[in-house]
Amino acid sequence: MARLILFNKPYDVLSQFTDARSPTPRATLSDFIDLPGVYPAGRLDRDSEGLLLLTDDGRLQSRISDPRYKTAKTYLAQVEGEPDEAALEALRNGVVLNDGPTRPASARRIEDPQLWPRNPPVRFRKTVADCWIELTITEGRNRQVRRMTAAVGHPTLRLVRQRIGAWSLDGLAPGEWREIVV
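Residues numbered from 1 in each chain as written. Predicted model: local features only at pLDDT ≥ 70, side-chain atom pairs only at ≥ 80, totals over all residues. Heavy atoms only, no water.

(A) Just unusual backbone geometry, in detail. The omega torsion of the bond from Asn 119 to Pro 120 falls at 0 degrees, within 30 degrees of zero and hence cis. By secondary structure assignment, the location of Pro 120 is in the loop between strand 7 (106-110) and strand 8 (130-137). One non-glycine residue, Asp 12, adopts positive backbone phi at about 70 degrees. Residue class for Asp 12 comes out partly exposed when judged on its relative accessible area of 33%. If you check the backbone angles, Lys 70 has positive phi at about 55 degrees while not being a glycine. For Lys 70, the location among the structural elements is in the loop between helix 1 (58-65) and strand 4 (73-80). (Helix = DSSP H or I, 4+ residues; strand = E, 2+ residues; numbered from the N terminus. Buried < 20%, exposed > 50% of the residue type's maximum accessible area, 1.4 Å probe, protein only.)

Here's what the structure looks like:
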């Protein structure tokens, strides 16, 4: 039986177990998870939050993270400004990034998802509106969602991964994890 860990990665935590090369210690997965033999199935940037899957099964890790399997990943993104239908349609059709066009995505505006507070909080500016969008992609390029929203004129202020395939963040507070049988 493969082990699969669902972890709600907090903001400012690296998606790895060690940070040996840093002159100043940074938070890593080992600050939250003490299970031998499990490794992240994919990445989640230090400044992003939400669902990170870890497993001890190499084939499962590949099925989750390899782009050829097109595993859907759903993100909640707080973006600067208020994207109009044209910006959302551009995301849906795929946008051209410096490393090529993205696959089409699912994109829609959503109400404030009432998430946990982020520490430090996103900087509030009275003169610049913001809103939330839900974006589902089937790739996993470096900082892809942030680059996509910026490409349509709405930089990401906060990014939370809500779902990967059939697995979701439901019931997990930041820093919490649970193991499920696969």
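(B) Focus on the pattern of salt bridges. In total, this model carries 16 salt bridges according to the counting rule given. Between Arg 46 and Asp 12 there is a salt bridge, and its shortest N-O distance comes to 2.7 Å. Residue Arg 46 is located in the loop between strand 2 (39-40) and strand 3 (49-55), and its partner Asp 12 is located in the loop between strand 1 (3-9) and strand 2; the two are separated by 34 residues in the primary sequence. When salt bridges with common partners are traced through the structure, they connect Asp 45, Asp 47, Arg 143 and Arg 146 into a single cluster. (Salt bridge = Lys/Arg side-chain N within 4 Å of Asp/Glu carboxyl O.)

(C) Structural view of the pairing of strand 1. Counting buried positions over the seven residues of strand 1 gives six, a clear majority of the element. In terms of strand pairing, strand 1 meets strand 11 (residues 177-181) through five bridges, oriented antiparallel. Paired with Arg 3 across the two strands is Val 181, which belongs to strand 11. Taken together, the six bridges between strand 1 and strand 3 define a ladder with antiparallel strand orientation. Opposite Leu 6, over in strand 3, you have Leu 53 as the bridge partner. (Pairing = 2+ DSSP bridges.)

(D) Local environment of the environment of Ala 41. Here Ala 41 shows up in the loop between strand 2 and strand 3. On a C-alpha basis, the gap between Ala 41 and Gln 61 in space is 4.8 Å, while along the polypeptide they are 20 residues apart. Other than its neighbours up to four places away in sequence, Ala 41 contacts Leu 53, Leu 54, Thr 55, Gln 61, Ile 64 and Ser 65. (Contact = heavy atoms within 4.5 Å.)

(E) Representation of the nonpolar core within the structure. One finds Leu 54, Leu 91, Leu 135, Ile 137 and Met 148 to be the most contacted residues of the largest nonpolar core, which totals 27 residues. Mapped by element, the contributors of at least two residues to this core are strand 1, strand 3, strand 4, helix 2 (85-93), strand 8 and helix 3 (144-151). With four residues, strand 8 is the single largest residue contributor to this core. Ranked by size, the runner-up nonpolar core spans 13 residues in total, among them Leu 4, Leu 6, Leu 51 and Val 160. (Core = buried A, V, L, I, M, F, W, Y, C linked by side-chain atoms within 4.5 Å.)

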